[in-house]
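A closer look at the structure
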Amino acid sequence: MREKLKVQRRAKKTHKVSSEKPETLFVRRGGAKAGLSHLLLCAMGIGVWLLWGGLAWSLPQSFQETGSSGFLKNRGERSLYARLAGWSLEETPPRHVAQAPKAAEDAAKKTERNIKDTQEALEAQKNKKTQIFVKRPLKALASKEPPKKDPNRLEIGGLPAVNYNIDTGFGVGVILNLARFAPGYYPYRWRLFLQIYTTLRPDPAGGVENPYHSHFLELDMPGIIEGVRLRARVEFRRFSTAGYFGLGNDAQKAEPWNAIDSAADPEGYRAARRYQQYDRIYPFASLGARIAMWQRGKERLELFLTGAFTYNFMNVYPGSRLEQDINESKTNTARAQEIRQQLRGVTQHALLEGGVGLLWDTRDNEFTPQRGILHEISFRGSPGVDANLSYAGFNATLRFYQSIYKEYLVIAFRILGDIMLGNVPFYLMAEHGGFFAGNTLGAGGGLRAIPTGRYHGKIKMLGNLELRSKFLTFNIGTVPFSLGVLAFFDFGRAWLDFSGKTDIFDGIDNAANLFGMKFSGGGGLRIQWGESLVVRLDVGYSNIGELGFYLDIAHIF
């Protein structure tokens, strides 16, 4: 009994006895052997924990992936770590795993970081390959943005003046454009435009002739005086194949040369080819001013004044239609009286003309407008300084521009009416007035695919509808270029005068002859160089059976 009490006192000193803890039961029941067994079990448990953590630390990195739950995965299968733990990837780990030693947790976190770093490295490598093989080539193929323009720049442009016109032949020459840009000036501070130009075409009887000459120097100065834009021009022109097919809207085309053998009678053949032509030489000088009446941004109302002096040398070809009408006007028939009243300015004479009008301009760009309007109303006249050529004229022109899709698709429309009164030179009856005067029913700037001078009348109307498209922009050095195409539809007609007697010249208006209207349609190409130079190429066909081909500078409106 005494020995048993000694053992119990010794156990109390070694362990804390508690009725709630299993350890005291082992001591009480097993004595020394039970204590030794307990120590061995603890050692084995610690060894299992260390082995478990070591296996997790030593798994190959390429074999592991980090899942969304943060645990180690092997491409959707149960990993070695999971198989050792006895739970699948979709299951929650047992409680004893969550209570693993800190070393095992740190090993798992380190492995997770390694996997993440590897994935980021692989992704960076992939992006690098995409950049090299995909993004860079696409970027190289993409259209480069045009460089920013210096607001204080001097823009220089030069082009060979090469064109072809069915009325004048193949044109050759040079065009130089010099424009100074500066802040506060629109569209530029000043522009100097020089053209040296002539045309070549086969002579009817053999060889080559020069039917048309146009050499001019123009200075446009929007910034010389505040609120005033001046334009001065001096020019020499000669048109040795100017067209005259008769007066009125019903003028007929004839080809008397078809009955002449050019080899047997070259001079007679040449004279027959001149049948619907005359020769006009006319140097002139002009000065125009645009005075700002009101302006807000690019919207402005302007008053314009124009003045021009021209001296005309008229050469009438023998046997031509013009000579026939001159001779007929000297007779006493009813037709002769009307011809005598309308056919003026057929001899050498001087002409002084002045004009005044209003311009309403809201275009976003003067050379290639995409939006806005440009309307004008004007009066012009001459006091009759020579050959009693006193007359007055009225013009109204409306121009509309509307973008359908940015600068890539634009609709442009122009319609004009022109009326003249008095003793008008016959060659002006084929033209319209206004600030932007030009040929109306013919040539490349009015009703295209109609010969120049085909229709003469004191009353004229003209309409032009264009669908303009720009499809390519690029740079050569620092100079921007663009290419575009367009489709057009032109229409118009002329009336010789207000008198009902002119029906014999204008024809009868009815549905059978489309009320005397002339039509043409076609397409063209546009090349823009810089900001202020546009080259146009137009091809069209008219309802009178004529083909027109034109290569020139600037849009026709």
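Before any of the text, the structure's been laid out above.
Below is a summary of the structure that appears in this document. (Residues numbered from 1 in each chain as written. Predicted model: local features only at pLDDT ≥ 70, side-chain atom pairs only at ≥ 80, totals over all residues. Heavy atoms only, no water.)

1. Some points on the overall build of the protein
To be explicit about the condition: Put simply, DSSP H or I for four residues or longer makes a helix, DSSP E for two residues or longer makes a strand, and each gets a number counted from the N terminus. Only the protein chains shown count as cover for residues, and the accessible areas themselves come from Shrake-Rupley with a 1.4 Å probe.
Each helix and strand in the protein was counted, giving nine helices and 23 strands. Looking at the protein as shown, the accessible area adds up to about 30300 Å², and 61% of this sits on carbon and sulfur atoms.

2. Remarks on the pairing of strand S5 (residues 169-180)
This is how the line gets drawn: Here a strand pair is declared whenever DSSP counts at least two bridges between the two strands.
Inspection of the sheet shows strand S3 (residues 154-160) paired to S5 by seven bridges, in the antiparallel sense. Bridging from a neighbouring strand, Gly158 pairs with Leu176 of S5. Pairing between strand S4 (residues 163-165) and S5: three bridges, direction antiparallel. Residue Asn165 lies in a different strand from S5, and its bridge partner there is Gly169. Between the end of S4 and the start of S5, which pair antiparallel, lie three residues.

3. Examining the side chain of Thr310
Applied cut-off: Any pair of residues with heavy atoms lying within 4.5 Å of one another is described as a contacting pair.
Mapping Thr310 onto the fold places it in strand S12 (residues 299-315). Contacts of Thr310, omitting those with residues within four sequence positions, involve Arg280, Tyr282, Pro283, Phe284, His349, Ala350 and Leu351.

4. Remarks on the packing of aromatic side chains
Test applied: Pairing of aromatic side chains here covers Phe, Tyr and the six-membered ring of Trp, requires ring centres within 6.5 Å, and sorts the geometry by plane angle: under 30 degrees stacked, over 60 edge-to-face, intermediate tilted. Think of it as a cone above the ring: NZ of Lys or CZ of Arg counts as a charge over the ring if it is within 6 Å of the ring centre and within 35 degrees of the ring normal.
All told, the structure shown has 20 aromatic pairs when counted by the stated rule. When the ring of Tyr197 is compared with that of Tyr212, the centres are 6.3 Å apart and the planes differ by 70 degrees; the resulting orientation is edge-to-face. In this pair, Tyr197 sits in strand S6 (residues 190-202) while Tyr212 sits in strand S8 (residues 212-225), placing the two residues 15 residues apart along the sequence. Each member of the aromatic cluster is reached from another via a ring pair, and the members are Tyr244, Tyr278, Phe426 and Tyr427. Looking at Arg233, its charged tip hangs above the ring of Phe216, at a distance of 3.7 Å from the centre. Sitting over the face of the ring of Phe488, Arg448 holds its NZ or CZ atom 3.8 Å from the ring centroid.

5. Side note on the packing of helix H7 (residues 321-328) against helix H8 (residues 334-342)
We apply this condition: All axes here are fitted lines through C-alpha atoms, helices being fitted over the stretch that makes contact, and every angle between N-to-C directions spans 0 to 180 degrees. Oblique is the label for any angle not under 35 degrees, not over 145, and not in the 65 to 115 range, which are roughly parallel, roughly antiparallel and roughly perpendicular in turn. Following the grouping adopted for this structure description, the nonpolar residues are Ala, Val, Leu, Ile, Met, Phe, Trp, Tyr, Cys and Pro, the charged ones are Asp, Glu, Lys and Arg, and the polar ones are all others, Gly among them.
Between H7 and H8, whose axes approach to 8 Å, the crossing angle comes to 110 degrees. Taken together, the axis directions place H7 and H8 in an arrangement best described as roughly perpendicular. Seen from H7, the contacting residues are Arg321, Asp325 and Glu328; seen from H8, they are Arg335, Ala336 and Ile339. Classifying every residue of the contact of H7 with H8 by side-chain character gives two nonpolar, no polar and four charged.

6. Remarks on unusual backbone geometry
How we decide: For every residue, the accessible area obtained with a 1.4 Å probe (protein chains only) is divided by the maximum for its type, and the residue is called buried under 20%, exposed over 50%, and partly exposed between those limits.
We note that Asn388 has phi near 55 degrees; this positive angle belongs to a residue other than glycine. Relative to the helices and strands, Asn388 resides in the loop between strand S14 (372-383) and strand S15 (390-405). In this structure Asn388 comes out as partly exposed when scored by relative accessible area, which is 49%. Backbone geometry at Phe515 places phi at a positive 60 degrees, although glycine is not the residue there. Relative to the helices and strands, Phe515 resides in the loop between helix H9 (503-506) and strand S21 (518-529).

7. Description of empty space enclosed by the protein
Applied cut-off: Cavities and pockets were defined on a 1 Å grid built from protein atoms only: a cavity is a group of points that admits a 1.4 Å probe but offers it no way out, a pocket is an open group of points flanked by protein on both sides within 12 Å along at least five of seven lines, and a lining residue is one with an atom within 4 Å of any such point. Grid points are joined across faces, edges and corners, and a volume is the space filled by probe spheres set on the points.
On inspection of all chains with the given rule, the structure shows four cavities of 30 Å³ or more. By volume, the largest cavity is sized at about 210 Å³. Lining of the largest cavity is provided by 16 residues; of these, Thr368, Glu407, Arg468, Lys470 and His555 occupy positions nearest its centre. Take the lining of the largest cavity: its biggest share by element is four residues, from strand S20 (residues 479-495). Tallied by class, the residues present in the lining of the largest cavity amount to five nonpolar, seven polar and four charged.

8. Focus on a nonpolar patch on the surface
We count it as follows: The patches reported here contain residues having more than 30% relative accessible area and no salt bridge. Joining distances are 9 Å for like charges and 5 Å for nonpolar side chains (Val, Leu, Ile, Met, Phe, Trp, Tyr). The rule for a salt bridge is simple: a side-chain nitrogen of Lys or Arg has to be within 4 Å of a carboxyl oxygen of Asp or Glu.
Taken together, Val162, Tyr164, Ile166, Phe170, Leu200, Val208, Val539, Tyr541, Leu547 and Phe549 make up a surface patch of nonpolar side chains, about 860 Å² in accessible area. At the level of elements, strand S22 (533-542) and strand S23 (547-553) are the ones that each hand at least two residues to the nonpolar patch. Considering the arrangement of structural elements, one finds Tyr541 in strand S22.

9. Some points on H7
Short version of the rule: Here the arc refers to the set of directions running from the helix axis out to each C-beta atom.
Of the residues making up H7, those classed as buried are Arg321, Leu322, Asp325 and Ile326. Looking straight down H7, one finds that the buried residues subtend no more than 140 degrees of arc, so they occupy a single side.

10. A word on the nonpolar core
Heads up, the rule is: Take the buried Ala, Val, Leu, Ile, Met, Phe, Trp, Tyr and Cys residues and link them wherever side-chain atoms come within 4.5 Å; each set so joined is a nonpolar core.
Core analysis: the largest hydrophobic core is formed by 31 residues, its most contacted members being Leu247, Tyr278, Leu322, Leu343 and Phe426. At the level of secondary structure, the elements contributing two or more residues to this core comprise S6, S8, strand S9 (228-243), H7 and S22. Discounting chain neighbours no more than four positions away, the residues touching Leu343 are Tyr244, Leu247, Leu322, Asp325, Ile326 and Phe426. Counting residues in hydrophobic clusters, the runner-up holds nine residues, among them Ala251, Leu416, Ile450 and Tyr455.

11. Re the pattern of salt bridges
A complete count under the given rule lists 32 salt bridges for this structure. Between Asp279 and Arg238 there is a salt bridge whose closest N-O contact spans 2.7 Å. Here Arg238 lies in strand S9 and Asp279 lies in strand S10 (residues 277-281), a separation of 41 residues in the sequence. By relative accessible area, Asp279 is classed as buried at 3%. A salt bridge links Asp497 to Lys458, with the shortest nitrogen-to-oxygen separation between them at 3.7 Å. A residue pair is termed long-range when its members are at least 10 positions apart, and Asp497 in the loop between S20 and H9 and Lys458 in the loop between strand S18 (438-439) and strand S19 (459-476) qualify at 39 residues.

12. A closer look at the side chain of Asp203
Note the following rule: Polar contacts, as used here, are pairs of N or O atoms within 3.5 Å; protein pairs need one atom able to donate a hydrogen and one able to accept it. Residues neighboring in sequence count only if both atoms are side-chain atoms.
Position of Asp203 relative to the elements: it lies in the loop between S6 and strand S7 (208-209). Looking at Asp203, its side chain comes within polar contact range of the side chain of Arg270, at 3.0 Å. Setting aside residues no more than four positions away along its own chain, Asp203 makes contact with Val208, Glu209, Arg270 and Arg274.

13. Some details on the environment of Arg448
Note that Arg448 resides in the loop between S18 and S19. The sequence separation of Arg448 and Phe491 amounts to 43 residues, and the corresponding C-alpha distance is 8.9 Å. What Arg448 contacts, discounting residues up to four positions off in sequence, is Ala443, Asn464, Glu466, Phe488, Asp490, Ser520, Arg526, Asp538, Tyr550 and Ile556.

14. What to know about the environment of Ala271
On the secondary structure map, Ala271 appears in helix H6 (residues 266-273). The class for Ala271 is partly exposed, based on a relative accessible area of 34%. Linking Ala271 and Pro256, residues 15 residues apart in sequence, is a C-alpha distance of 9.7 Å.

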